[in-house]
Amino acid sequence: MPGEHVPVGIHDLTFTTTSLQLTHTELARHTGVPTAKYHQGIGQRAMSIPAPDEDIVTMAAHAAAAVVDRHGADRIRTLLFATETSIDQAKAGGLYVHSLLGLPPHLRVVELKQACYGATAALQFATALVHRDPDQQVLVLASDIARYDPGSPGEPTQGAAAAAFLVSAHPALLEIHPSSGLFTREVMDFWRPNYRTTALVDGRASVNAYLDALTGAWNDHQARGGAPIQKIHTICYHQPFTRMAHKAHHHLLQHAGLPAGPQDIAAALAPTTAYNEQLGNSYTASLYIALAALLDSDTPLDGETVGLFSYGSGSVAEFLTATIRPGYRQHLRTDAHRVAVTHRRPVTYEAYRTLHTTTLPTDGSTHATPTRTPGPYRLAGIDGHRRRYEATTSAPGPVTAPSGPPQ
Ligand code: CAA
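So, on to the pattern of salt bridges. This model, assessed by the stated rule, comprises 10 salt bridges. Two residues, D220 and R224, come together in a salt bridge whose shortest N-O distance is 3.4 Å. When its relative accessible area of 57% is taken as the criterion, R224 is described as exposed. A cluster of three or more residues bridged by salt bridges with shared partners is formed by D12, R70 and R333.

Next comes the structure, spelled out in structure tokens:
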């Protein structure tokens, strides 16, 4: 009906991660850093490490398959793949996912980049597309592997994961509000030139840039009639390390003139950090994994307003709010999420270092990766500069395995 309010938002949300993990206890044994600095100082317990045949595509395909399995692909007209650890300068990683899942040809597939903010841009573009045609759905994938140089301050904040969410009219999980706050400023806090496999970062500057962007985006949100802080039940922050969310919440409460005691902050944020403190930084996926953790927690949220703060170094930030839909719990994937986190195999520090230094050939020569992942999709190898992906025996049906190297 003309003029009828059509709620648009996240209809389904899931994530997956790698099959290996390095605990911070094991890392501390080799760096000589007190474990308490990792556990309390940065708020991290473990970090996901990809096996040789796992990458951003295999993780994203795994997460996407669960969504497509539940909802089908008939209404999906757009697939947005957000990443800042892209595998190709030209081709969208989502095309490999499209092939692995056997998705129909009549949809657009695009990759988006602006550091960790990319998936939030995708969410906003998706809501606009769905408002234009509420019959359509948009599949958003956010997949990243965070790698820093061994021995650098960023090393304990590495991690990897992929989130997948379906943006739809009349969503089952949460309705995105139209008002949002934006903040953009060019700053060299974190970047990765095309010739590097690990990121460069000015750690202190990045923390300050994040906090400045938070107040900048919040002020814009308020100026545009966004919900006051007293009306927001819980805020999910981008979590490069979970202690960053504590710093952010403290900063925002002080900015809003509210009390900001450490124990209250810890209690307010605990439901949002449970997964990321085990996975590490997953860049574009991190905020949506914080949201998954909140939804999966014991906190009852029906009808509540939640805040989402997205920060992408460089920098672009956005503060948005959403209403949790009544009955959302029936649509969660809590068991699968807990399995993804707890079933990772711990690796030794030596094994982690070997994996960290192992890279695919860059000269077009043929390389077959060993079969290691228990997941449904794997990177089989590379030859002639072409990555070859394949479904494994644990892939859900119906799946179309590519018959040769993706073109
Ligand atoms: N017990 C408990 N706590 C301890 C401790 C101990 N034994 N020893 C130290 N600590 C505490 C410190 O007091 C400090 O706490 P505060 O931050 O509250 O002061 C904390 O541990 C960290 O210690 P340092 O200040 O010594 O910092 P560091 O040299 O270890 O580096 C970092 C921290 C700069 C954030 C580094 O991890 C880094 O460079 N990370 C990568 C960049 C990053 O994640 N930036 C975040 C904002 S940018 C962003 O969000 C985008 C993105 O995803 C990258």
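Contacts to the ligand come from 24 residues, most closely from K37, R204, S206, H238 and K247. Within the contact set of the ligand, an oxygen atom lies 3.1 Å away from a backbone nitrogen or oxygen of P153. In the model, a nitrogen atom of the ligand is placed 2.8 Å from a nitrogen or oxygen of the S206 side chain. The set of elements that each furnish at least two residues to the shell around the ligand consists of α2 (35-42) and α6 (203-223). The element best represented in the shell around the ligand is α6, accounting for five residues. Residues that form the shell around the ligand fall into these classes: 13 nonpolar, eight polar and three charged.

Moving on to the packing of aromatic side chains. Enumeration according to the criterion identifies 10 aromatic pairs in this entry. Judged by centre distance (6.1 Å) and plane angle (75 degrees), the ring pair of Y148 and F190 falls under edge-to-face. Of this pair, Y148 sits in the loop between β6 (137-146) and β7 (159-169) while F190 sits in strand β9 (residues 190-191), and the two are 42 residues apart along the sequence. Residue Y148 shares its accessibility class with F190, and that shared class is buried.

Next up on the list: the nonpolar core. Formed by 48 residues in total, the largest nonpolar core has its most connected members in L13, F15, V167, L174, Y288, L291 and L295. If you tally residues by element for this core, the top one is helix α10 (residues 286-296), at nine residues. Once you skip the residues sitting within four places of it in the chain, Y288 turns out to touch L13, A119, T120, L123, A163 and F165. Listed in part, the 39 residues of the second largest apolar core include A51, A227, L253 and Y311.

Ordered by their spatial adjacency, three strands build an open sheet running β3-β2-β14, and the pairing between neighbours is mixed. Each edge of the sheet is formed by a strand with only one pairing partner; in this case those strands are β3 (46-49) and β14 (345-346). Of the strand pairs in this sheet, strand β2 (residues 20-23) and β3 are connected by four bridges, and their pairing is antiparallel. Paired with L20 across the two strands is I49, which belongs to β3. Packing against the sheet, helix α1 (residues 24-31) makes contact with β2 and β3, and its axis sits at approximately 55 degrees to β2.

Attention now goes to α10. In terms of residue burial, α10 counts as a mostly covered element, since 11 of its 11 residues are buried. Among the residues of α10, S286, L287, Y288, I289, A290, L291, A292, A293, L294, L295 and D296 are the ones counted as buried.

Glancing now at the side chain of T373. Relative to the assigned elements, T373 resides in the loop between β15 (367-368) and β16 (377-383). Excluding residues that lie within four positions of it along the chain, T373 makes contacts with S19, D53, E54 and R378.

Let us now look at the sheet that holds strand β13 (residues 316-324). In space, the nine strands of this open sheet follow the order β5-β4-β6-β7-β1-β8-β13-β12-β11, with mixed pairing throughout. Pairing within the sheet leaves two strands with one partner each, and these edge strands are β5 (108-112) and β11 (234-237). Across the sheet, the axes of successive neighbouring strands diverge by a mean angle of 25 degrees, strand direction being ignored.

A separate point is the environment of G314. With respect to the helices, strands and loops of the structure, G314 is situated in the loop between β12 (305-312) and β13. Relative accessible area serves as the criterion here: at 21%, G314 is assigned to the partly exposed category. Between the alpha carbons of G314 and A270 there is a distance of 28 Å; along the sequence they are 44 residues apart. When sequence neighbours within four positions are dropped, the list of residues in contact with G314 reads R185, E186, V187 and D189.

What counts and what doesn't
- Residues numbered from 1 in each chain as written.
- Predicted model: local features only at pLDDT ≥ 70, side-chain atom pairs only at ≥ 80, totals over all residues.
- Heavy atoms only, no water.
- Salt bridge = Lys/Arg side-chain N within 4 Å of Asp/Glu carboxyl O.
- Buried < 20%, exposed > 50% of the residue type's maximum accessible area, 1.4 Å probe, protein only.
- Near = heavy atom within 4 Å.
- Polar contact = N/O pair within 3.5 Å; in protein donor to acceptor, adjacent residues only side chain to side chain.
- Helix = DSSP H or I, 4+ residues; strand = E, 2+ residues; numbered from the N terminus.
- Nonpolar A, V, L, I, M, F, W, Y, C, P; charged D, E, K, R; others polar.
- Phe/Tyr/Trp six-rings, centres within 6.5 Å; stacked < 30°, edge-to-face > 60°.
- Core = buried A, V, L, I, M, F, W, Y, C linked by side-chain atoms within 4.5 Å.
- Contact = heavy atoms within 4.5 Å.
- Pairing = 2+ DSSP bridges.
- Axes fitted to C-alpha atoms, helices over the stretch in contact; angles between N-to-C directions.

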